[in-house]
Amino acid sequence: MSANVQELLLSRIRDVHDHPKPGVMFKDITPLLADPAAFTALTDALAGLCTEHGATKVVGLEARGFILAAPVAVRAGLGFIPVRKAGKLPGATLSQAYELEYGTAEVEIHAGDLGSGDRIMVIDDVLATGGTAEASLGLIRRAGAEVAGVAILMELGFLGGRARLERALDGAPLEALLTV
Ligand SMILES: O=P(O)(O)OC[C@H]1O[C@H](OP(=O)(O)OP(=O)(O)O)[C@H](O)[C@@H]1O
Ligand SMILES: Nc1ncnc2[nH]cnc12
């Protein structure tokens, strides 16, 4: 991705202090989504990574990951699979609980959406502690599919998500378009 595109993307992410709680610097992607040139450039960059790493399907992580992953799947000519917060998917699911900074959360996938022979690219907006992505990789492997990689718009390097994901990635690439 060119430095110009990186600059464009960075310029459309807004820092919001103390959201959703004191001490957090929230990275707000809504200005980027509202700018068609930036949203298109982001979609093209993520779709290019899907092709480069031989993905056969795209997983998006609820909720902001859906907004990015759905157009990426269409652009790359691949199917889209949602990883949802627990209790939302109606079919037979696999579930994975995971640790957040404080407390626990749980995500689910429709077990029938993927399996052996699939290579999955996981797409999300922000990698923070890595807990959400790690749980998603667990779901994908338990479904019998391969992980093509994880592609993220912005990695918050100081939160150590990359190190946390190392084991779950098992050699698959973690691609971050921007790192702060
Ligand atoms: O690396 P982590 O520490 O797991 O954090 C990253 C996750 O947090 C945000 O989602 P959030 O759970 O806030 O949900 P949302 O997309 O519904 O806003 C973000 O979109 C990632 O999915
Ligand atoms: N600081 C942050 N900004 C946006 N999304 C996040 N998800 C987890 N931490 C975040």
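In what follows, the accompanying structure is described. (Residues numbered from 1 in each chain as written. Chains lettered and ligands numbered in written order. Predicted model: local features only at pLDDT ≥ 70, side-chain atom pairs only at ≥ 80, totals over all residues.)

**Points about the pairing of strand β6 (residues 104-110)**
The condition that has to hold: DSSP calls a pair of strands paired once it identifies at least 2 bridges connecting them. Elements are defined by DSSP. Helices are runs of H or I of four residues or more, strands are runs of E of two residues or more, and each kind is numbered from the N terminus.
Bridge count for strand β4 (residues 79-85) against β6 is two bridges, and the pairing is antiparallel. By the bridge assignment, Arg84 is partnered in β6 with Glu108. Relative to β6, strand β5 (residues 93-99) is paired through seven bridges, and the arrangement is antiparallel. Residue pairing across strands places Glu99 opposite Thr104, the latter belonging to β6.

**Structural notes on the packing of helix α5 (residues 131-142) against helix α6 (residues 161-169)**
The test is simple: Axes here mean lines fitted to C-alpha atoms, for a helix over just the part in contact, with angles spanning 0 to 180 degrees between N-to-C directions. Oblique is the label for any angle not covered by the other classes, which are roughly parallel (under 35 degrees), roughly antiparallel (over 145) and roughly perpendicular (65 to 115). Two residues qualify as being in contact provided that their C-beta atoms, derived from the backbone, are within 7 Å of each other. Classification convention: Asp, Glu, Lys, Arg as charged; Ala, Val, Leu, Ile, Met, Phe, Trp, Tyr, Cys, Pro as nonpolar; all other residues, Gly among them, as polar.
Interhelical geometry of α5 versus α6 gives an angle of 5° and a closest axis separation of 9 Å. Relative to α6, the element α5 lies roughly parallel. Counting all contacts with α5, which are made through Ala133, Glu134, Leu137 and Gly138, the residues of α6 involved are Arg164, Leu165, Ala168 and Leu169. A class-by-class count of the residues in the contact of α5 with α6 yields five nonpolar, one polar and two charged.

**Side note on helix α4 (residues 64-76)**
Rules: Here the expected span of a helix is defined as 1.5 Å times the quantity of residues minus one. Buried, partly exposed and exposed are defined by the number of other C-beta atoms within 10 Å of a residue's own C-beta, namely 20 or more, between the two limits, and 12 or fewer respectively, with C-beta atoms placed from the backbone. Think of the arc as the fan of directions from the helix axis to the C-beta atoms.
Across its 13 residues, α4 extends 19 Å between first and last C-alpha, which sits within 8% of the 18 Å expected from 1.5 Å per residue. Here α4 has its buried residues at Gly65, Leu68, Ala69, Val72, Ala73 and Ala76. Burial along α4 is one-sided: seen end-on, the buried residues are contained in an arc of 130°. Lining the buried residues of α4 we find α3 (36-52), β3 (57-61), β4, β7 (119-127) and β8 (146-155). Phi for Gly77, located one or two positions after α4, is positive at around 75°.

**Overview of the site of ligand 2**
The line we're drawing: Proximity of a residue to a molecule or strand is defined by its backbone-placed C-beta atom lying within 6 Å of that partner.
Around ligand 2 sit Val24, Met25, Phe26, Lys27, Val126, Ala128 and Leu156, and that is every residue in its neighbourhood. Looking at which element gives the most residues to the shell around ligand 2, the answer is strand β2 (residues 25-28), with three residues. Looking at side-chain class alone, the shell around ligand 2 contains six nonpolar, no polar and one charged residues.

**Re the site of ligand 1**
The environment of ligand 1 is made up of 15 residues, and the closest members are Ala63, Arg64, Ala128, Thr129 and Thr132. Elements supplying a minimum of two residues to the shell around ligand 1: α4, β7 and α5. Here the shell around ligand 1 gets four residues from one element, more than from any other, and that element is β7. Its residues assigned to classes, the shell around ligand 1 shows five nonpolar, six polar and four charged.

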